[in-house]
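This is what each chain is made of:
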Amino acid sequence: MHRQKKCLQKCSQDRIQTLTRLRVPVESDPLVGTHEYFRLLQKTPTPCTNPMKLSCQNISCHREDWNLQGATQLNDVSTSFDGGALCGLVGRGGCGKSLLLNVLGLLELPDSGCVHVEGVDTSLLAPEALTALRNESFGFLFSETALLPAFSIAENVAMPLFRICGMNPEEAQERTMEVLDFCEIAAEGDSVAGELEALPMWRTVFARALVHRPKILIAISPRQEDDLLPLARRVAEETGVCILWGGQSPSLLAHAHRLIRMQEGNIIEDQCL
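Residues numbered from 1 in each chain as written. Predicted model: local features only at pLDDT ≥ 70, side-chain atom pairs only at ≥ 80, totals over all residues. Heavy atoms only, no water.

Colleague: So what exactly am I meant to see when it comes to the packing of aromatic side chains here?
Modeller: Within a pair of aromatic rings, the relevant descriptors are the distance that separates the centres and the angle that separates the planes. The final tally for this structure, using the stated rule, is two aromatic pairs. Measuring from centroid to centroid gives 5.9 Å for Phe-138 and Phe-140, while their planes differ by 15°, and the two rings are stacked. This pair shows no difference in class: Phe-138 is buried, exactly as Phe-140 is. Here the aromatic rings of Phe-140 and Phe-142 are separated by 5.9 Å at their centres, their planes lie at 5°, and the arrangement is stacked. The class of Phe-140 is buried, set by a relative accessible area of 11%. Relative accessible area serves as the criterion here: at 22%, Phe-142 is assigned to the partly exposed category. (Phe/Tyr/Trp six-rings, centres within 6.5 Å; stacked < 30°, edge-to-face > 60°. Buried < 20%, exposed > 50% of the residue type's maximum accessible area, 1.4 Å probe, protein only.)

Have a look at this one:
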């Protein structure tokens, strides 16, 4: 219990207010608490019986200049993902894997087709409900850390608990310490994020993506893959989280349960490993 109190003991009310005002990476305004999700449904979809965690049907999407890297597209893509597995998505630049992960993560609206999260058709949701669903159900990793350099590891990790879940430090301590322990950075919880080396920095980012217990984790070309992928596989197997990981690292072959290969906006190979 002493260790749990220590990790956030310096998080004053002013610092909490700062963390609450700032946006969690990929969080959209307006902020909607997770308890508001069903109230904000524009329509009440009927979930499927025993639905997959995440699926998409007939997704087509064309972007002329995707992330300043030229045109990319998706061509009538349909696939599904269940919990408890790490699925890797690979392919050359411009193959569409990043665009697909953005669509699956409810960050980008497709031109046509639909995404289902645990059987709920997200195309039927009002914008506020879509934001609430994404905040509650998804965690994200990107190629940049987006850590707050003047705040500690523990404060950075706890940010979604303050911002999305509305917790106070006492409520956030146990869960923050739990994920710090899992990521093997608990001893460094009071260290300032701006002074971290690459490995603890990326483990901090990974812990922040997990702290609010998302059902789905989406990783789009994060760095330190060789270090993070073994942790990601453990998360999938031990907690039932559905993990989608876009990258090129050979480590994906060693740690993924499933591998999807993309080319020119199409899935050309889908295999269990």
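Colleague: How should the sheet that holds strand S2 (residues 72–81) be read in this particular structure?
Modeller: Note: strands within a sheet are paired through backbone hydrogen bonds, in either parallel or antiparallel orientation. Read across the sheet, four strands follow the order S2-S1-S4-S5 without closing on themselves; strand pairing throughout is antiparallel. Of all strands in the sheet, those bounded by a partner on one side alone are S2 and strand S5 (120–121). In the sheet, strand S4 (residues 112–117) pairs with S5 via two bridges, with the strands oriented antiparallel. Following the sheet pairing, His-116 is matched in S5 by Asp-121. Strands strand S1 (54–63), S2 and S4 of the sheet are contacted by helix H3 (residues 97–104), whose axis makes an angle of about 55° with S2. (Pairing = 2+ DSSP bridges. Helix = DSSP H or I, 4+ residues; strand = E, 2+ residues; numbered from the N terminus. Contact = heavy atoms within 4.5 Å. Axes fitted to C-alpha atoms, helices over the stretch in contact; angles between N-to-C directions.)

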